[in-house]
Amino acid sequence: MFPKEVYLRRRQVLLQKMREAGESGLILFIGNAEAPAQYKDNCYKWRQDSSWLYFFGLDEPLMAAVLDIDSGAETLFADDVEIDDIIWMGPQPSVRSKADAVGIAYTAPYAAVENPVELAKKSGRPIHYLAPSRYYNTLRLMQLLGCASIDKGVSLPLTQAVISMRLIKEDIEIAALDAACALGYEMHSVARDSIALGIVEQEIVGRMESVALAKGWGVSFPTILTQHGETLHNHGHAAVVEPGKLMVIDAGVESNEHYASDFTRTYPTSGKFTQKQREIYEIVYECNELAFSLTKPGVTYREVHLATARKMLEGLSALGLVHGDLDEMVAFGIAGLFQPHGLGHNMGLDVHDMEDLGENLVGYDPDQQRARQLGLGSLRMARRLRPGHVITDEPGIYFIPALIEKFKKEGLGGSFVNYAALESYYDFGGIRLEDDVLVTPTGARRLGPHRLPIAPDDVEAALAAAR
């Protein structure tokens, strides 16, 4: 947890933003509950709702809070433990002490949250709430509000206010993200140094994730470690490491403060790139470097995505895989054949920060429209960049046989794609290179104390040093 002044200030800013937007009534927050995995007392690993953590910091189940926009009153709803709880959990801090730790004046039992909600409903006062990401929270809101669906009642003004606050990271958050990235750097270094022919991928995953568990909360998302990088989110780890393959490792650590890291590197399993692998790798590397150089306040990340798409097509054109005017190919969407995802996403308390609140609301400015084009349409972060944004820079090139065949059959590549030349890449796999980036007042910097080796010569040197 951060000092209580952080949470006090955040809630005060939120209330002020709602007042400035002309809103009144109550803001209702529902924290997460334990979720049983097989039976009631065997639950999935506990994780608190991120917006709750941002405004209240209390990392425990079955809590709710009400903020009164008009009076400024704040109430925490939670229960003190009873003797049965103490038997299994030991003595616990009181609700009152928890409220004091985050600067909340009033407390009440958890079930009592129904009282202000019912009073507001009877008096016609608005009740503002965020879109829930958990089933329990959805049911709880339905019970409290007395409705069969809560989707239409989600407060757009509250959602926009929360997004505006969480998008721009405070200094204390940047420090937490740097620390999470330091752990991510360590985890990735263990993974790289564990690559060896003949071992099962799962063994590498076990070694690397031990860092996340020993020094942080765990991984920030299910680890992607695969010799089939053409499958963008390949979570299978049963394969044996083979010579001549490319291994994509996309993984992150979630710190004990619940801030995320998210790095991707691609390694030649034999220790050195083949000529064909190096040619494609260098294109992706140059795209990553270009994106970072363009990242600065005032530029939209959509523009950065399109610039890297052009750079990618320039490199593929030099190899004879595509041909034609570069700008026409970008406009036509040819880059999506090779990179069917966006350049990056927001990152913070969630590895895809706040996407539970609405991906377009989080990643797009009001004057931006999401594209329908393959690749560009999957861009999660397109906004005009501001100091304090934390984003990922993750270009990739993938040779997906089924997608290439679909383009060919349906004529989606126009006259730009050399399908005959692409056939020799059907067993290539994929390459992705990802860094975590903070937008600064004058440009950008990569988060974490160091940068994982990424230039092709440096990658080969790092692999050689571990063998």
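Residues numbered from 1 in each chain as written. Predicted model: local features only at pLDDT ≥ 70, side-chain atom pairs only at ≥ 80, totals over all residues. Heavy atoms only, no water.

## A word on the sheet that holds strand 17 (residues 444-446)
A sheet is described by the order of its strands in space; here 3 strands give the open sequence 13-16-17, paired in antiparallel fashion. Edge positions in the sheet fall to strand 13 (390-393) and strand 17, since each of these pairs with one other strand and no more. Going from strand to strand, the sheet's axes swing by 35° on average, the running direction of each strand aside. Here 3 bridges tie strand 16 (residues 435-439) to strand 17, and the two strands are oriented antiparallel to one another. Each residue of the ladder has a partner; that of Val439, found in strand 17, is Ala444. In this fold helix 10 (residues 275-294) packs onto strand 13, strand 16 and strand 17, with an angle of close to 135° to the strand it touches most, strand 17. (Pairing = 2+ DSSP bridges. Helix = DSSP H or I, 4+ residues; strand = E, 2+ residues; numbered from the N terminus. Axes fitted to C-alpha atoms, helices over the stretch in contact; angles between N-to-C directions. Contact = heavy atoms within 4.5 Å.)

## Focus: the pattern of salt bridges
Tallied over the full model, the rule gives 37 salt bridges. Residue Arg370 is joined to Glu359 by a salt bridge in which the shortest nitrogen-to-oxygen separation is 2.6 Å. Here Arg370, found in the loop between helix 14 (359-363) and strand 13, pairs with Glu359, found in helix 14; they are 11 residues apart in sequence, far enough to count as distant. Taking the relative accessible area as the measure of exposure, Arg370 reaches 26% and is therefore partly exposed. Across the salt bridge formed by Asp435 and Arg451, the nearest N and O atoms sit 2.9 Å from each other. Note that Asp435 is positioned in strand 16 and Arg451 in the loop between strand 17 and helix 17 (456-465), a separation of 16 residues in sequence. Within the structure, one salt-bridge network assembled from shared partners comprises Arg47, Arg166, Lys169, Glu254, Asp350 and Asp353. (Salt bridge = Lys/Arg side-chain N within 4 Å of Asp/Glu carboxyl O. Buried < 20%, exposed > 50% of the residue type's maximum accessible area, 1.4 Å probe, protein only.)

## Here's the deal with the packing of helix 1 (residues 4-20) against helix 7 (residues 156-167)
Relative to each other, helix 1 and helix 7 sit at 135°, their axes nearing to 10 Å. It follows from the interaxial angle that helix 1 and helix 7 lie oblique. Note that helix 1 runs across helix 7; the crossing there is right-handed. On helix 7, the residues that touch Arg10, Val13, Leu14, Lys17 and Met18 of helix 1 are Pro157, Leu158, Ala161, Val162, Ser164 and Met165. When its residues are assigned to classes, the contact of helix 1 with helix 7 shows 8 nonpolar, 1 polar and 2 charged. (Parallel < 35°, antiparallel > 145°, perpendicular 65-115°, else oblique. Left-handed = near helix turned anticlockwise from the far one by under 90°. Nonpolar A, V, L, I, M, F, W, Y, C, P; charged D, E, K, R; others polar.)

## Brief notes about the nonpolar core
Judged by nonpolar contacts, the single largest core of 55 residues is most densely connected at Ile280, Leu316, Phe338, Ile397, Phe399 and Leu422. Formed by 50 residues, the second largest nonpolar core is a distinct cluster that contains Met18, Phe56, Met63 and Leu76. (Core = buried A, V, L, I, M, F, W, Y, C linked by side-chain atoms within 4.5 Å.)

## Quick look at helix 1
Here helix 1 is 17 residues long and its end C-alpha atoms lie 24 Å apart, about the 24 Å a rise of 1.5 Å per residue gives. Note on helix 1: the residue one or two positions beyond its end, Gly22, has a positive phi of about 80°. (Expected span 1.5 Å × (residues − 1).)

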